[in-house]
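Below, each chain spelled out in residue letters.
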Amino acid sequence: MKKKEGKVFEDNLQKSVEQCGEKIFFTRIKDVFIPPDLRQRVKVTKNDYDCMMFARSHLFALELKSTKENRFSFDESIIKQHQIDKLLEASTYEDVISGFVMNFREPENRVFFVPIQEFVDYQNVAQNQIKEHKYISKVNKSSIPIGICEEIGIEIKGFKKRVNWHYHIKQFLSEAIKKFR
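Since the model is a prediction, treat every value here as computed from it, not as a measurement.

A.B. asks: Kindly report on the sheet that holds strand E3 (residues 58-67), identifying the contributing residues and their values.
C.D. replies: One open sheet accounts for six strands, arranged E1-E2-E3-E5-E6-E8; its pairing is mixed. Two strands close off the open sheet at either side, each with one partner strand: strand E1 (25-28) and strand E8 (154-155). Packed on one face of the sheet, helix H3 (residues 116-127) meets strand E5 (96-104) and strand E6 (110-115) and runs near 85° to E6.

A.B. asks: Break down empty space enclosed by the protein for me, citing the residues and quoting the values.
C.D. replies: Evaluation of the coordinates by the stated rule reveals one cavity of 30 Å³ or more. By volume, the largest cavity is sized at about 40 Å³. Surrounding the largest cavity, Leu-13, Val-17, Phe-26, Met-53, Leu-62, Ile-156, Ile-169 and Phe-172 form its lining. Elements that contribute at least two residues to the lining of the largest cavity include exactly helix H1 (5-18) and helix H5 (169-180).

A.B. asks: Give me the pattern of salt bridges: which residues, what numbers.
C.D. replies: Within this structure, the stated rule accounts for 11 salt bridges. Ionic pairing is found between Glu-10 and Lys-7, a salt bridge with its closest N-O pair at 3.6 Å. One end of the pair is Glu-10 and the other is Lys-7, both in helix H1 and three residues apart, which spans about a single turn. Residue Glu-10 is classed as buried on the basis of its relative accessible area, which comes to 10%. Given the relative accessible area of 30%, Lys-7 is considered partly exposed. Linking Lys-65 and Glu-63 is a salt bridge whose minimum nitrogen-to-oxygen distance equals 3.3 Å. On the accessibility criterion, Lys-65 (9% relative accessible area) is buried. In this structure, a network of salt bridges that share partners links the residues Lys-3, Lys-7, Glu-10, Asp-11 and Arg-28.

Conventions and cut-offs
- Residues numbered from 1 in each chain as written.
- Predicted model: local features only at pLDDT ≥ 70, side-chain atom pairs only at ≥ 80, totals over all residues.
- Heavy atoms only, no water.
- Pairing = 2+ DSSP bridges.
- Helix = DSSP H or I, 4+ residues; strand = E, 2+ residues; numbered from the N terminus.
- Contact = heavy atoms within 4.5 Å.
- Axes fitted to C-alpha atoms, helices over the stretch in contact; angles between N-to-C directions.
- 1 Å grid on protein atoms, 1.4 Å probe; cavity = no way out; pocket = protein on both sides within 12 Å on 5 of 7 lines; lining within 4 Å.
- Points joined across faces, edges and corners; volume = space filled by probe spheres on them.
- Salt bridge = Lys/Arg side-chain N within 4 Å of Asp/Glu carboxyl O.
- Buried < 20%, exposed > 50% of the residue type's maximum accessible area, 1.4 Å probe, protein only.

Structure follows, in C-alpha cells:
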C-alpha cells in the first residue's frame with residue numbers, strides 16, 4: 001500500500017533531522033488508526049501535535065501539515081482546534097517554540113514553519129474579516145495561503161534527492177531560535 005503524501009513528508013522531515021549532523025532529540029507521536037465501523041464505539045485520546053524536537057536548549061512542539069493546494073483550510077478536518085489550543089499552551093513555557101510546519105507540495109515543494117501565535121493572529125483577522133491588518137498578501141477568510149506563510153513564517157529550505165526531500169534543519173533551528181525565543 002502506498003504511503004500518503006503527508007506521511008512521506010513527516011518521514012522526510014524526520015530523516016533530515018537525523019542526518020543534519022547535530023544531536024537533536026526528535027520524537028513523533030503515533031496516530032492510532034481506528035477502523036471506520038468502530039469509530040462511534042471506541043474513544044481514543046487525540047494527539048496534541050505530531051512531534052517534538054529538542055535542540056540547542058529549546059523544545060519545538062510541531063504539528064506537520066502537507067497539501068498539494070496553495071493554502072490550508074481552517075476547516076476542523078484539516079486544522080483541528082485542539083491542536084491549536086495545545087500548541088498555544090506549549091508556547092507559554094520558556095524556551096518552547098511551537099507551531100505548524102506547512103508543506104506546500106505543488107508546484108515546487110515549499111515548507112514553512114508558522115509559529116502558533118502568528119497563525120492565531122492571522123486566523124483572527126481572516127475569520128473576523130478585520131479590514132486593518134499588517135498582511136501584504138491577500139487575506140482569505142477560510143484558509144491560510146502560502147503568501148501569508150511567506151510573510152509570517154520561516155521557510156525551511158530543502159532539496160530533492162532522487163525520490164525524497166532533505167530539509168536544512170540546522171539553518172531552520174538557527175533562524176527559529178533567533179526570531180521566536
